Every structure is written in C-alpha cells, then in structure tokens.
Amino acid sequence: MNSNFAMMNNYLTYKSKPGILSWLLSTDHKRIGLLYLVSMVVFFWVAVTLGFLMKLEMLTPGKTIVDAQTYNTLFTLHGMIMIFLFIIPGIPAVFGNFFLPIQIGAHDVAFPRLNLLSWYLYIIGGLFAIVSLFLQGGPIDTGWTFYVPYSIRTTTNVILPLLGAFILGFSSILTGINFITTVHRLRAPGMTFFRMPLFVWALYATAWIQVVATPVVGITIVMVIVERVFHVGIFDPALGGDPILFQHLFWIYSHPAVYIMILPAMGVVSEIIPTFARRTIFGYKVIAFSSLSIALIGYFVWAHHMFTSGMSDTSRMVFSLLTFLVAVPSGVKVFNWVATLYKGSIELRAPLIYVMMFIFLFSIGGLTGLVLGSLSTDIHVTDTYFVVAHFHYVMFGGTAIILFAGLHYWFPKMFGKMYNEKVAIWATPLIFIGFNMLYFTMFILGYLGMPRRYWSYLPEYQTLHIISTVGSWILVAGLVLMFGNLIHALLKGKPAETNPWGGVTLEWTVPSPPPVENFEKIPVVENGPYDFSTINGETNGKN
Amino acid sequence: MEKIELREPISANQTNDLAVNQVAETHHHKDEVGAKIGMWLFLFTELLLFGGLFLLYMAYRLQYTNDFIIAGQELNLVMGTVNTIILLTSSLTMALSIAAIQRGKKNLSILFLISTILFALAFLVIKYFEWTEKFHHGIAPNAPELLSKPNGEIIFFGMYYSMTGLHALHVVIGLIVLSFMLFFLLRNRINENDYIKLENSGLYWHLVDLIWIFLFPLFYLIH
C-alpha cells in the first residue's frame, strides 16, 4: 500500500473537528474502540484496587483495614465494575469495534453513529454507578447479583447503580445489533461466511447473545427499581411476590452473559494461535459452529446458579445435564487450538505466551465448572470460595488474560508502535504465579468450607488466606509491569511494520496504524482466513 | 441473508461511496436492508423485554389463579375494548401512511400519520382515565385498600400497572418518534425515494400494537 496514502490518513492523527471533539464526536469505529479501551482500563484499575483492598482485609481474621459494611460495598463494586464495565463490553467493544470491520474488509460498522451512542451510554452507565457512591445512604452493598428481597430492603443507594446497569445493557444491545448487521451487510466481495476470521464468528455469536439475553435482565432490573419505588409486590415476598423468580430472570441473562464474556476471548485465541504456529487453524468450521452452539446451549443452563435456591429435582437434573453439554463445545475449541499448534512452526512471542497461559488457566476453570455443574458436589461447595475461584479462573484467567493477549497482538496495529517484548514476556510469570497463588488457594479454602463474601473467618483458614493475599500483590506487580510496558511503548516505542507477526487476516494488509477509511480500495477475498501458503514465502525475509 | 445480498451487492455500493467521499466520518451510505435488519433486531429485543414480564405474569397466574380471576373482573372492559380498537385502527393508518408515501402521495401520507398520532393520544387519554379511576378506588400500588386484599390480587394489580405502564411508556416513545417522522415528511426528508425511516417507525408502532393485543386478553378478557 502506498505510504503517502497511509501518512495522510492515519486514523490517530486525522482531525475532523477541533481538538478533543474529533475524538469525542468521532464515528470512526477505530477511535470508538480506543475510547472504550481507555475508559475500560480506567475502570479495570479501579476494580483491581477494590479487589486488592478486599484481599488485604482478608489477611487476618476480624478487622484488618476496613469494617464489615465497607467490605460489603467493596465486593459489590468490585463485581459490578469488573463485570458490567470491564469484562462484558471488554473484547467486543475494544477489539471488536476496531477489528471487526477491518477483518471483513469494510470501512466501518453498519451504524457508526449508533456505535458512538453505545459508548456514551457506557460512560453514562458507569457514571451512574460511581455517583451513587457519594450520595446519602452509602454505596450499594447487595453483591453484583442484586438478589431480592435484600436489594429492595437495604437502605443503601440501589436505584442509581441499577439504572446504570440498565443503561449499560442498552449499550451492549446496541453494539450487538450493530455487529450482527455489519457482518450480514458489509462483508467485502468474496468474504463468505466461511471465509470470515474466527474472531468475527465469535463476535457474531456474542452479538446474538447480547441481543437476545440482555433485554431480560433489563426488565428484571427495572422491576427491582419499580419494586423499590412503588412497592408493586412482584418480587416482595411480604406482598406475595416470589424472590426465586427474580433469580430465574436474572440468570436467564447473566448466565449467557458469561458467554458474552468468554466467546470473544475464544475468538482472539483462534486468531493468535495460527499466526504464531504458521499454520491454518485446525477444524475451522468446527470452531465456528462451536461458538454458535455455545451461544445456543448457553441459554438453557441458567438454573445451575440456583441448585440450592429451591427447585424441583427434575429441573435440577435437566439443568445439570445441559450444563455438562455446554462444556462440550468449549472442550472442542481447546482441542482444536492444541491441534493447531501440533507440528506448527511455533514462534513463542508475547501474545502466544499469554494464550498458553489462558489455555492452562481456562482449562482449570472449565474443569472445576463441572464440579459445580454436578448436583452433589455443587451442594458441598455452593457459595464458598470454590465458586469465587472457579469464576476468576474462567473470567480473569480466561477473558482478561486474552484481553491482554489481544492487546499485545494488536498493539502494533492499533498504535503503530512496538512494545519491549522482553518486558512483556517477563510480566507473564509474575501474573501467572500471582494468579495461581491468589485463586488456587481459594479452591482449597472453598473446599474446606470458607464461605464467599464473609468479612471475617476462622483462624484455621488464615495460612491459606495469607498465601492468597501475597499472591494478589505479585499479580498486581505483574499487571503494573505489563501496563507500564505498553504505556512506555505508546510514548517511546519504535514504529511498527504493517505486519510484524506475519499474520494473514485482513488487518495485517493495512498500514499500522490503519488509515481513516481502513482500505484504499475494498479488497476482494479469494481464500480462507488462515491460508499461510502464500505469505510464508514473503515473511521469511522479514523475520 | 445470503439471498438478500445476491439481490443487492453491497460491494459496488461501498466502493462507489468511497470514491465520492474519501472521508469515512462524513460519508453516508444508504443501506436500507441493513437499516431494516437493525430495526427487526431491535424489535426482537423489545419483545424479550416484555417477555420477562409475560413470564412473571404466567408464573403468578398459575400460582394465584383464583385471585387473578377475581381481580380481573374489576378492570373496565369497555375502556379496554375501546382502546384496543383505537390502537388497531392506528396501526392501519400507520400502514396507510407508508403506502401513501411509497406512491408519492405526500399529503395523504401526512394525513394518515397525523391520524395515527391522534389515535395514540386518544389511547393515552383513555388509559389515564382508567388508571385514575382505579386510584380513586384505592387500587394503587402500596395503597392501604389494595394491601388489605389477598396477595394474589396485589400481584395482579402490580403486574397490571407494570405491564400497561411499560406499554404506555412505549406509546409515548412512539408518539415522539412519529412526531419526528411528521416533521421529516413536512420537510421532504422522507419522500417517495427514501422512506425507510417511516417504515421502521411503522414497524415499531406495530410492535406497540402487537404487545397490547396480548395485554388486553391477559388482563381484561380471560377470567
């Protein structure tokens, strides 16, 4: 591509409006992706700080640094921010926005202005949650699940953060609608469905979950607000309402939501592995369909969050069976990734190391999920640290680690700069060791009976709690090193080439950073997404 | 979806567009099929939004069947029926308004759109009288008279106010949207060549109508 064209149109420096407005009012999908990235990193660090404080509090039984009520708000806000503001929008909002149009050979998403609106809704939702901290009554203390009847009785500020969650849901729905339409309408000529990169497939499946599941939690949240304001009785047992129904409606969304969180991450993995194994992905169609089947089966497993809430044995067994079924497509993906590496020409660069870490941690998270999915073992570990550990292995070890992997993989493309790879690699053992010290001890604690969300504990748990807390320090050190390295690269990194890794999807054919309209001329696609037969000859010289 | 694309190759559209305007931020491509896909997806989410409430209604109706039957008889069947007729007719005038602009009959289209708006207003006025009448009889959320009734009746009216309230909110949003459409029609921004906005608003209005078609029997008719 001619460099003059790229220089003049670089999306980072291009000015459409004066000053900061050319970012805040931009409908360019790449800029919106970066707006999300910046706001999300901020929220991420706020939530990391809250989690860090929680672990510090757990260093000793009884009070260490905060009192019990503060601890309640700490875990509520940590959960709310991490889930609603970081992991759910996470990969789709940042990398999806940035790379979905480029990977299918389009100039932008189908509804660019709607896309910008989604970001504003995201910010407004986040502000609602934050403003509620400073109002009379104190910050919300219900846990991120907002279970009734407590959430309609507590005197803390519940309505504002709930409204925030509703608005965030709206933002998520609009992004979903946008992505589905984009995939259907804006693929480049020759880009058939089965030539789409697997990241696009994953985003497509995710978008469907966003569209189909989110409205249900939306109305549930609205009903809690209505209940608090008007006392209609629908969720209030004193007036004949049934709190279990709230749990059903909440999990009808919130279980599929974990697939909103993990599916895009799986898509990123399917991008990174072929690039660094120099091999086409093993089982392309199977991976594509496994995304869709996860999206589909994921709807019918929600009640496994409620095995001890009061349900008939029949429905518990059905939901348990379905839970085992949904593990199958995830397993299929893991085997396909490993099979792709087999006999590949592996180049162990930073993004791939994060992916390796993901496969290890996610497998532990997935397998312990089966412990929770089967009825008898679930009853033993329900509401203990075991659940907390499982959740963090799949969500942090899964999604967040892949968000970091994606950040390292696409950083040169997004910013046109290279980071220091040695430092990036050095951060991984810190993160890995810290992570496992922090969360693996929680499996043991949970198995021994340590309940989640407790502010204090029996003295015999203390050794494990100390190991866990020290782990949190190592983990945070690793995260600081990793983000510090990327920020340093942003300021002082060397310029990146168009295709530093030898990737073959379309984003590696446009300059780094991409021009405003992505492609000078819309490409015509003639082969599948991971065809290394032509590029291997070319990149040999470069590498 | 594949079929749609065979009919209208987007690639041509896209490249032409770019040639005309190099700047992505300001280029406007009209993809009517895309706009419709987006609208249908949005309507789907609306159905699911109400779906949560319909699910609650079903669960509570099974739990409190008798109370629901008794409480349902207190609703004003006449007002409910009149409102159903009004809303159904408004859907007809909405469709006629679109049909008119497709044939280039701007004035007729405006006329039908105004009548749709008037019907929507009439619906809200009747709804207002219906609710306030109930309030006067002490059937309001958290009112002592209602709280003295059995739990099932409290829940029935809780569902009634929540569902018809959310529906009324949608009517209000529809009113606002339709007023904008009227403005666009008057300004010729909706015309016989470009009426996708009006069509999509029509789809939304039919959804509002459709939801009422389910609310009406659930609350007023089945005893």
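Residues numbered from 1 in each chain as written. Chains lettered and ligands numbered in written order. Predicted model: local features only at pLDDT ≥ 70, side-chain atom pairs only at ≥ 80, totals over all residues. Heavy atoms only, no water.

Here the focus is the overall build of chain B. Along its length, chain B carries 9 helices and 0 strands. Across chain B, helices and strands are ordered from the amino to the carboxyl terminus as α-α-α-α-α-α-α-α-α. Looking at chain B as a whole, 51% of its 223 residues are labelled buried. Within chain B, contacts between residues at least 6 apart in sequence are counted, and of these 82% link residues at least 24 apart. Here chain B displays about 10500 Å² of accessible surface, and carbon together with sulfur accounts for 68% of that area. (Helix = DSSP H or I, 4+ residues; strand = E, 2+ residues; numbered from the N terminus. Buried < 20%, exposed > 50% of the residue type's maximum accessible area, 1.4 Å probe, protein only. Contact = heavy atoms within 4.5 Å. Areas by Shrake-Rupley, 256 points an atom, 1.4 Å probe, with all protein chains shown as cover.)

Another aspect to go through is the environment of A:His184. Residues and elements named next belong to chain A. Looking at the secondary structure, you find His184 in helix H8 (residues 159–185). Sequence separation between His184 and Tyr204 is 20 residues, and the spatial gap between their C-alpha atoms is 9.6 Å. A polar contact of 2.6 Å, which involves the side chain of His184, links it to the side chain of Tyr204. (Polar contact = N/O pair within 3.5 Å; in protein donor to acceptor, adjacent residues only side chain to side chain.)

In this section: empty space enclosed by the protein. Picture a little ball the size of a water molecule; that probe, rolled over the atoms, points out where space is still empty. All names here are of chain A. Within the structure shown, the criterion is met by 4 cavities of 30 Å³ or more. Broken down by secondary-structure element, the contributors of at least two residues to the lining of the largest cavity are helix H5 (90–103), H8 and helix H9 (198–230). Per element, the largest residue contribution to the lining of the largest cavity is 6 residues, and it comes from H8. (1 Å grid on protein atoms, 1.4 Å probe; cavity = no way out; pocket = protein on both sides within 12 Å on 5 of 7 lines; lining within 4 Å. Points joined across faces, edges and corners; volume = space filled by probe spheres on them.)

Before going further, it helps to spend a moment on the interface of chain A and chain B. Interface size is commonly expressed as the accessible area that is lost once the parts come together. Between chain A and chain B, the residue contacts involve 49 residues of the former and 45 residues of the latter. Roughly 4000 Å² is buried in total at the junction of chain A and chain B, and carbon and sulfur atoms are behind 68% of that figure. Among the residues chain A hides against chain B, the three largest losses belong to A:Arg185, A:Ile219 and A:Ile234. Together they make up 18% of the total. There are 1 salt bridge connecting chain A and chain B. A salt bridge links B:Asp31 to A:Arg185; the nearest nitrogen and oxygen atoms lie 2.9 Å apart. The interface formed by chain A and chain B contains 4 residue pairs in polar contact (both at pLDDT 80 or more). It is H9(A) that provides the largest number of residues to the side of chain A that touches chain B, a total of 10 residues. Residue composition of the side of chain A that touches chain B, grouped by class: 30 nonpolar, 11 polar and 8 charged. (Buried area = accessible area lost by both parts, 1.4 Å probe. Salt bridge = Lys/Arg side-chain N within 4 Å of Asp/Glu carboxyl O. Nonpolar A, V, L, I, M, F, W, Y, C, P; charged D, E, K, R; others polar.)

Let us now look at the environment of B:Ile114. By secondary structure assignment, the location of B:Ile114 is in helix H6 (residues 106–136). C-alpha of B:Ile114 to C-alpha of B:Glu199: the two residues are 85 residues apart in sequence and 15 Å apart in space.

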